[in-house]
Amino acid sequence: MQGRLSAWLVKHGLVHRSLGFDYQGIETLQIKPEDWHSIAVILYVYGYNYLRSQCAYDVAPGGLLASVYHLTRIEYGVDQPEEVCIKVFASRRNPRIPSVFWVWKSADFQERESYDMLGISYDNHPRLKRILMPESWIGWPLRKDYIAPNFYEIQDAH
């Protein structure tokens, strides 16, 4: 079933894939990494002016990595704001996704956390560096194929 935003994107010739609706009835769309920045700007202009959250996850061991954006269209006088979930999948070997920091400033720390935990590089992010782990940390702790080093206790001891 195609949602309202998906129908609007199709009408305007914007490439995406509808993933249906979540348990709350929020439309979920998949956008290719190379199309994400331009579609993000279009969604902002269309009225999705609030990035509620951004997160990332490892789809499967050895598989794709996903960056997930929950966008809200906040308008004065509207009690029930419109929401959409955008998923952008990236290759595990070279996970690169355009940053949306310049569209929604709230993406700053959220994209940094996704980088820190899963190794997804957000192109054109102004301060893409580790935010939770020490700069010297090796690997990406939330990847399903991550092997925890047995020296982490010593590393955190000082």
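Preceding this paragraph is the structure being described.
Only a predicted model underlies this, so the values are computations on that prediction, with no experimental measurement involved.

> Whenever I open this one, a nonpolar patch on the surface confuses me. Can you help?
On the surface, Val-41, Tyr-44 and Val-45 cluster together to form a nonpolar patch covering roughly 280 Å² of accessible area. Following the sequence through the fold, Val-41 ends up in helix 2 (residues 33–46).

> Help me out: how do you make sense of the nonpolar core in this one?
Note that soluble globular proteins tend to have their nonpolar side chains buried in a common cluster. The biggest cluster of nonpolar side chains holds 29 residues, and the ones touching the most others in it are Trp-36, Tyr-69 and Ile-86. Those elements that place two or more of their residues in this core are helix 1 (4–11), helix 2, strand 3 (50–58), strand 4 (65–73), strand 5 (82–90) and helix 3 (107–118). When residues in this core are grouped by element, the largest group, five residues, is from helix 2. Residues contacting Trp-36, with those up to four places away along its chain left out, are Ile-31, Leu-43, Tyr-69, Ile-86, Val-88, Ile-97, Pro-98, Val-100 and Trp-104.

> I would appreciate a short explanation of the environment of Lys-105 in the present structure.
For Lys-105, the location among the structural elements is in the loop between strand 6 (96–98) and helix 3. For the pair Lys-105 and Asp-58, spaced 47 residues apart in sequence, the C-alpha separation works out to 24 Å.

> Please explain the pairing of strand 4 as it appears in this structure.
Put simply, side chains in a regular strand alternate between the two faces of the sheet. A large share of strand 4 lies buried, amounting to nine of its nine residues. Relative to strand 4, strand 3 runs antiparallel, the two being bridged by eight bridges. Within strand 4, the residue paired with Gln-54 across the bridge is Tyr-69. Joining the antiparallel neighbours strand 3 and strand 4 is a turn of six residues, in which Gly-62 adopts a positive phi near 75°. Summarising the sheet, strand 4 and strand 5 pair through nine bridges and their orientation is antiparallel. The residue of strand 5 that forms the bridge with Val-68 is Lys-87.

> I would appreciate a short explanation of the pairing of strand 1 (residues 17–21) in the present structure.
Across three bridges, the pairing between strand 1 and strand 2 (residues 27–30) is antiparallel. Bridge pairing in strand 2 places Ser-18 opposite Leu-29. Counting the residues that bridge the hairpin from strand 1 to strand 2 gives five residues, and of these Gly-25 lies at a positive phi of roughly 85°.

> Honestly, the state of the cysteines in this entry has me stumped. Any pointers?
In protein structure, a disulfide is the covalent linkage between the sulfur atoms of two cysteines. One pass over the structure, following the stated rule, counts zero disulfides. There is no disulfide at Cys-55, and the cysteine sulfur nearest it, in Cys-85, is 7.6 Å away.

> What is the right way to read the pattern of salt bridges from this model?
Where charged atoms from two side chains of opposite charge come close, those side chains can pair. Scanning the model with the defined rule gives nine salt bridges in all. Of the charged contacts in the structure, one is a salt bridge between Asp-58 and Arg-92, with a shortest N-O distance of 2.6 Å. Of this pair, Asp-58 sits in strand 3 while Arg-92 sits in the loop between strand 5 and strand 6, and the two are 34 residues apart along the sequence. Residues Arg-73 and Glu-75 are paired through a salt bridge, measuring 3.8 Å at the closest nitrogen-oxygen approach. Taking the relative accessible area as the measure of exposure, Arg-73 reaches 15% and is therefore buried.

> What am I meant to see in the side chain of His-125 here?
Turning to its location among the elements, His-125 is positioned in the loop between strand 7 (121–123) and helix 4 (152–155). Every residue in contact with His-125, bar those within four places of it in the chain, is listed here: Ser-99, Phe-101, Ala-107, Asp-108, Glu-111 and Arg-112.

> Hey, could you run me through the sheet that holds strand 3 in this one?
Strand pairing in a sheet is mediated by backbone hydrogen bonds. Such pairs are either parallel or antiparallel. Spatially, the five strands line up as an open sheet ordered 1-2-5-4-3, and their pairing is mixed. Pairing within the sheet leaves two strands with one partner each, and these edge strands are strand 1 and strand 3. Adjacent strand axes in the sheet meet at a mean angle of 20°, parallel and antiparallel pairs treated alike. This element, helix 1, spans strand 1, strand 2, strand 4 and strand 5 of the sheet and lies at about 40° to strand 2.

Conventions used here
Residues numbered from 1 in each chain as written. Predicted model: local features only at pLDDT ≥ 70, side-chain atom pairs only at ≥ 80, totals over all residues. Heavy atoms only, no water. Patch = residues over 30% accessible without salt bridge, like charges linked within 9 Å, V, L, I, M, F, W, Y side chains within 5 Å. Areas by Shrake-Rupley, 256 points an atom, 1.4 Å probe, with all protein chains shown as cover. Salt bridge = Lys/Arg side-chain N within 4 Å of Asp/Glu carboxyl O. Helix = DSSP H or I, 4+ residues; strand = E, 2+ residues; numbered from the N terminus. Core = buried A, V, L, I, M, F, W, Y, C linked by side-chain atoms within 4.5 Å. Buried < 20%, exposed > 50% of the residue type's maximum accessible area, 1.4 Å probe, protein only. Contact = heavy atoms within 4.5 Å. Pairing = 2+ DSSP bridges. Disulfide = S-S within 2.5 Å. Axes fitted to C-alpha atoms, helices over the stretch in contact; angles between N-to-C directions.

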